[in-house]
Amino acid sequence: MKITYIISVFLYSLLIKVASVFNKKAKLRNNGIKSTFKTIENFNPKKIIWVHCASLGEFEQGRPLIEKIKKEKPEYQIALSFFSPSGYEVRKNYKYADIVFYLPDDSKKNAKKLIQLLKPELAFFIKYEFWYQYLSELNKNNIPVYLVSGIFRKNQIFFKPYGGFYRKILHNFKCLFVQNELSKQLLKSIDITDVKVTGDTRFDRVFELSKNRNEIEIIEKFKENSFVLIAGSTWKPDDEIIIKFFNQNKPGIKLILAPHEIKSENISRIIRMFDYRVLKYSEANLQNISEANILLIDNIGLLSSLYYYADISYIGGGFGKGIHNTLEAAVFGMPIIFGPKYGKFDEAKELIKQNAAFSIRNYQEFSEITDKLVIDSELRAKSGTSAKLFVTNNIGAAEKILTSALN
C-alpha cells in the first residue's frame, strides 16, 4: 500500500505537469510549487507555527485558530500552505500569515527540505490532510502535528481491512482534534487514542463574521420593509427551482440570488430564465435598487454579510456533490432550505433535527415549505431562533485546540 501511495503521488504530479499546458488551475499549482522553496529561503523563520489547508474551505476552518494565535500568542509567526490554487490564489495576501506558499508534492525529498528550511515548532493540518511524507518527517523531527476539525466516517479507508498503511499515517499526529464523538469512537476502534472532541472551528468563524459583518447600503435599500429570500452558492438545479417559484409572481417577496459561479455566461443564463427584470449588483445604485425585486449578485465576497438581510435562506449545492456553508446563514437566525444531498454534513442534519432547516427534493417541496414559512411567522421565528442557538452553542473549538496544543 505504501508503494501504491508513492506511485499515485508521482503519477498525480506528472498529470498536473501535463495538464498545466491547457488547464489554468493545474498551471497555477505547477508554477506555484516551483517557487515554494525559494520563497521559504528568502524568509527569516523564527518561532513558526505551520498551518496547512487543502483549499479555501479548509482555510476557513483554520482561520479562527490562526487569528487567535496572532491575538494571544503574537510571538509566533504563521506559515500558511495550500494544496489547491482555489485556496492559495484567494488568500496569498492574508494579513495574519507571515508567509504563504503552495505545498509541494508529497515526496520524501520535498518533505525533508521544506521542514529543514521552515523549522516549525508545531504544525496544524486542517480536516482532511493526511500527507504521509510530510507527517512522517514532522514526527521524525519531534515536531508535534495536530489535526484540526477532523471528521471521520466508517466508509473511509482507515477503517477498511486493507487500510493498514493509512492507519499508520494517523499515528504521526500528536493529537487529533475531531468534530464529534462518532469520529472519536471510530478512531478508538483502530487504536488511535490521542483524540479530543473539540467541535468545528467553522462555528467560531461564522460567529466572528456575524459580529463584524459589512453594512451594505444598497442591500439596506433593497430590503427596507420587504420579505427577502436569499439563495446562496446556487448551481443550475437550484436556480431552476428558485426561478420557477419567483416566476409565479409571488407578491411581497424579493429575491437575492448569489450563484456559485459568476462567469458572464452563467450570469446571462440565469437572467434569461426569469420572466421579470433582473438587476445585477454590479449595475445597482441607490436610485434603481428601490424598483428591483430580483437582485443578482455578480461578484464574490458579499455572501456572508448578505445573509443578515434574509428572512429565509436557501443554500445551494444540494442537487450536486453536497450543500455549501449553512452556518453563514444560520448565525443570523433564519430558517434554511437546501437540496437532498446533505448526508456528509453533520451541521445540516442537526439543523433539520432542530427544525431550523428543511431539505427539499423538487420544486413542489420547495414551493410548499417556502410558502409555509412566509405565511407562518411563528414557525419562521422558532426556526430562526433554533438556527442561531445551534451556532452559538457550538462556538469555542479554536480556544479548546489552542489551549491543548500550546499549553
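For the structure itself, look to the data block above.
Residues numbered from 1 in each chain as written. Predicted model: local features only at pLDDT ≥ 70, side-chain atom pairs only at ≥ 80, totals over all residues. Heavy atoms only, no water.

Caption draft 1: Highlighting the overall build of the protein. What the protein contains, in helices and strands, is 19 helices and 14 strands. Look at the contacts in the protein between residues 6 or more apart in sequence, and 66% of them connect residues 24 or more apart. Within the structure as shown, the protein displays about 19,400 Å² of accessible surface, and the carbon and sulfur contribution to it stands at 50%. The distance from the centre of the 60 positive side-chain charges to the centre of the 43 negative ones in the protein is 7 Å. (Helix = DSSP H or I, 4+ residues; strand = E, 2+ residues; numbered from the N terminus. Contact = heavy atoms within 4.5 Å. Areas by Shrake-Rupley, 256 points an atom, 1.4 Å probe, with all protein chains shown as cover. Lys, Arg positive; Asp, Glu negative; His and termini not counted. Charge placed at Lys NZ, Arg CZ, Asp CG, Glu CD.)

Caption draft 2: Local environment of the packing of aromatic side chains. The tally for this structure, following the rule as stated, stands at 28 aromatic pairs. For the ring pair phenylalanine 83 and tryptophan 131, a centre distance of 5.4 Å and an interplane angle of 25 degrees mean the geometry is stacked. Taken together, the residues span a long stretch of sequence, with phenylalanine 83 in the loop between strand S2 (77-82) and helix H5 (85-91) and tryptophan 131 in the loop between strand S4 (120-126) and helix H7 (132-140) at a distance of 48 residues. Accessibility classification places phenylalanine 83 together with tryptophan 131 in one group, the buried group. Among the aromatic residues, ring-to-ring pairing joins Phe130, Phe152, Phe158, Phe159 and Phe173 into one connected group. The ring of phenylalanine 37 is capped by lysine 113, whose NZ or CZ atom sits 4.6 Å from the centre of that ring. Seen from the ring of tyrosine 363, lysine 244 lies directly overhead, with NZ or CZ sitting 4.3 Å from the centre. (Phe/Tyr/Trp six-rings, centres within 6.5 Å; stacked < 30°, edge-to-face > 60°. Buried < 20%, exposed > 50% of the residue type's maximum accessible area, 1.4 Å probe, protein only. Lys NZ or Arg CZ within 6 Å of the ring centre and 35° of its normal.)

Caption draft 3: Looking closely at the state of the cysteines. Across all of its chains, the model carries 0 disulfides by this definition. Unpaired in terms of disulfides, cysteine 53 finds its nearest cysteine sulfur in cysteine 175, a separation of 18 Å. A relative accessible area of 0% places cysteine 53 in the buried class. (Disulfide = S-S within 2.5 Å.)

Caption draft 4: Region of the structure containing the sheet that holds strand S6 (residues 175-178). Taken together, the 7 strands give an open sheet; going across it, the order is S3-S2-S1-S4-S5-S6-S7, and neighbouring strands pair in parallel fashion. At either end of the open sheet lies a strand with only one pairing partner, and these are strand S3 (99-102) and strand S7 (195-197). With direction set aside, neighbouring strand axes in the sheet form an average angle of 20 degrees. Against the sheet, H7 touches strand S1 (48-53), S4 and strand S5 (145-150), its axis set at about 150 degrees to S4. (Pairing = 2+ DSSP bridges. Axes fitted to C-alpha atoms, helices over the stretch in contact; angles between N-to-C directions.)

Caption draft 5: Representation of the pairing of strand S9 (residues 253-259) in the model. Across the 7 residues of S9, 7 count as buried, placing the element largely inside the fold. The side-chain alternation of S9 yields two buried faces, one formed by Ile253, Leu255, Leu257 and Pro259 and the other by Lys254, Ile256 and Ala258. Relative to S9, strand S8 (residues 227-234) runs parallel, the two sharing 7 bridges. Directly across from isoleucine 230, in S9, lies its bridge partner isoleucine 256. One ladder, built from 3 bridges, connects S9 with strand S11 (residues 294-296); its direction is parallel. What sits directly across from leucine 255, in S11, is isoleucine 294.

Caption draft 6: Geometry of the packing of helix H12 (residues 236-246) against helix H13 (residues 264-273). Packing of H12 against H13 leaves a shortest axis separation of 10 Å and a crossing angle of 25 degrees. Accordingly, the angle class assigned to the pair H12 and H13 is roughly parallel. When the axes of H12 and H13 are compared, the crossing they make is right-handed. The segment H12 lies against H13, with Lys236, Asp239, Glu240 and Ile243 engaging Arg269, Ile270 and Met273. (Parallel < 35°, antiparallel > 145°, perpendicular 65-115°, else oblique. Left-handed = near helix turned anticlockwise from the far one by under 90°.)

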